[in-house]
Amino acid sequence: MWLLGTARANLVFFPRPEDVPGLGYAILSHTWGEEEETFQKPHRSSPPWFNPRDRLTPKVRSFLELAEQHGYEYAWVDTCCINKESSSELSEGINSMFRYYALSNICYVYLGDVEYSNTYPGNMWRAFRLSRWHFRGWTLQELIASRMLVFYSKEWICLGTKYELANRLEQATEICAAVLRFDSPFTDASIATRISWAVCRDTTRPEDAAYSLFGLFGVNMPSTDMPTLYGEGRLAFCRLLMEILKTSQDPSIFLLGKRLEVYALDDLKLVITPGTANPHGSRVWVCWVRVRVTAS
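Residues numbered from 1 in each chain as written. Predicted model: local features only at pLDDT ≥ 70, side-chain atom pairs only at ≥ 80, totals over all residues. Heavy atoms only, no water.

**Some remarks on the confidence of the model for the protein**
Piece 1. Of all residues in the protein, 80% attain a pLDDT of 70 or more, and the chain-wide mean is 84.
Piece 2. Overall, residues 271-296 carries pLDDT values under 50, and its contacts beyond four positions in sequence, including any with other chains, amount to 41 contacts. (pLDDT = per-residue confidence, 0-100. Contact = heavy atoms within 4.5 Å.)

Shown next as structure tokens:
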């Protein structure tokens with residue numbers, strides 16, 4: 001994995017997260033904006049008297065400064081620590097993302113849409129509950145995987161840890177506070193429950209709705225078997241379910257899908273027969289159906 005040096009934002013490679021010396025590494029959780037770093041930007045050369053960290057966006061620069069103040073020599077940011085121009089490195093990053101967050105020593109969550117307020121705390125916590133961070137696909141595994149997770153406001157003022165804010169997070173995400181506090185393993189939750197955590201979350205690309213759930217189910221799609229393929233659309237989610245079924249006997253997976261009520265077998269044929277018009281839209285994956293039969 002590639003990490004940024006917190007002092008000068010230089011990229012350093014480590015074969016495994018466990019190989020990072022000292023305190024380990026800090027990691028950033030955030031939502032992407034219009035201006036984000038890339039893997040190529042920290043590679044630009046700079047004169048000795050200039051700190052290349054000052055060239056980064058305010059968000060990443062502030063994150064590195066904070067991590068350095070807390071004693072961390074290295075830090076990871078998804079925007080500039082994955083070479084997205086390399087398909088193999090991108091695939092490795094997607095498959096390893098959950099592990100990167102789980103093995104980090106601390107995760108800083110930056111909420112750019114939450115302004116700190118001592119005067120009107122009710123408004124601040126309302127903004128916290130409605131923050132965009134709670135509705136993005138990739139941040140779900142970041143919330144679940146990270147043991148030490150600290151939330152920061154737009155001004156980089158600490159709002160509290162995941163443990164301290166577990167009840168507020170449960171209201172925002174519908175994830176049980178016991179899971180967030182690690183009192184109950186998230187793997188004890190059924191497949192249907194874990195997928196329900198992602199229902200209200202959006203991703204920029206449809207494939208990421210599946211890729212962002214790999215870690216929650218221990219799924220790894222190697223490039224030689226089931227590669228991550230941007231361009232496959234919603235098929236990625238079907239492949240995810242197939243991978244889950246290989247190792248799980250949890251019947252709740254069959255509760256997924258759209259519930260339909262049909263009143264005759266002919267209506268059912270319209271839903272499940274390929275090539276026929278579907279009155280319920282383009283989605284034809286139906287996991288269970290209630291059939292009502294009336295006496296004639």
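**Points about the side chain of Glu 142**
Piece 1. Of note, Glu 142 is situated in helix H4 (residues 138-145).
Piece 2. Contacts of Glu 142, omitting those with residues within four sequence positions, involve Ser 29, His 30, Tyr 101, Trp 133 and Leu 149. (Helix = DSSP H or I, 4+ residues; strand = E, 2+ residues; numbered from the N terminus.)

**Describing helix H3 (residues 121-129)**
Piece 1. The set of residues buried in H3 consists of Met 124, Trp 125 and Phe 128. Projected down its long axis, H3 shows its buried positions confined to an angular sector of 90 degrees, all on one face. (Buried < 20%, exposed > 50% of the residue type's maximum accessible area, 1.4 Å probe, protein only. Arc of directions from axis to C-beta.)

**What about the environment of Ser 184?**
Piece 1. Among the structural elements, Ser 184 can be located in the loop between helix H6 (177-180) and helix H7 (191-196).
Piece 2. Accessibility expressed as a relative area gives 25% for Ser 184, which makes it partly exposed.
Piece 3. If near-sequence neighbours (up to four positions away) are discounted, Ser 184 is found in contact with Ala 178 and Val 179.

**Brief notes about the nonpolar core**
Across soluble globular proteins, nonpolar side chains have a tendency to be buried as a group.
Piece 1. In this structure, Tyr 25, Phe 63, Trp 76, Tyr 108, Ile 144 and Phe 151 are the most contacted members of the largest nonpolar core, which totals 79 residues.
Piece 2. Not counting chain neighbours up to four residues away, the residues in contact with Tyr 108 comprise Ala 26, Ile 27, Leu 28, Ser 29, Phe 63, Leu 66, Ala 67, His 70, Tyr 72, Val 150 and Tyr 152. (Core = buried A, V, L, I, M, F, W, Y, C linked by side-chain atoms within 4.5 Å.)

**A short note on the sheet that holds strand E1 (residues 2-5)**
Piece 1. Here we have seven strands laid out as an open sheet, ordered E2-E1-E4-E3-E5-E6-E7, and mixed in their pairing. The open sheet has two free edges, formed respectively by strand E2 (11-13) and strand E7 (158-161), since each of these has just one partner strand. Strand after strand, the sheet turns through a mean of 30 degrees between neighbouring axes, direction not considered.
Piece 2. Note: strand E6 (residues 149-152) against E7, three bridges, orientation antiparallel. Bridge pairing links Val 150 to Thr 161 in E7.
Piece 3. Helix-sheet contacts for helix H2 (residues 87-102) involve E1, strand E3 (25-29), strand E4 (74-76) and strand E5 (106-110), and the interaxial angle to E3 is about 105 degrees. (Pairing = 2+ DSSP bridges. Axes fitted to C-alpha atoms, helices over the stretch in contact; angles between N-to-C directions.)

**Quick word on the pattern of salt bridges**
Two side chains with opposite charge may pair up if their charged atoms get near one another.
Piece 1. Applying the stated rule across the entire model yields six salt bridges.
Piece 2. The salt bridge involving Glu 18 is made with Arg 99; its shortest N-O contact spans 2.7 Å. Pair noted here: Glu 18 is in the loop between E2 and E3 and Arg 99 is in helix H2, with a separation of 81 residues, a long-range link.
Piece 3. Given the relative accessible area of 42%, Glu 18 is considered partly exposed.
Piece 4. Glu 232 serves as the salt-bridge partner of Arg 239, at 2.8 Å between the closest nitrogen and oxygen. Take Arg 239 and Glu 232: they sit in the same class, and that class is buried. (Salt bridge = Lys/Arg side-chain N within 4 Å of Asp/Glu carboxyl O.)

**A few points about the environment of Thr 6**
Piece 1. Considering the arrangement of structural elements, one finds Thr 6 in the loop between E1 and E2.
Piece 2. Using a relative accessible area of 2% as the deciding quantity, one classes Thr 6 as buried.
Piece 3. Separated by 62 residues in the primary sequence, Thr 6 and Glu 68 place their C-alpha atoms 5.5 Å from one another.
Piece 4. When near neighbours in sequence (up to four residues on either side) are disregarded, Thr 6 contacts Arg 53, Leu 64, Ala 67, Glu 68, Tyr 72, Glu 73, Tyr 74 and Ala 75.
Piece 5. Of note is the side chain of Thr 6, whose polar atom sits 2.7 Å from the backbone oxygen of Tyr 72. (Polar contact = N/O pair within 3.5 Å; in protein donor to acceptor, adjacent residues only side chain to side chain.)

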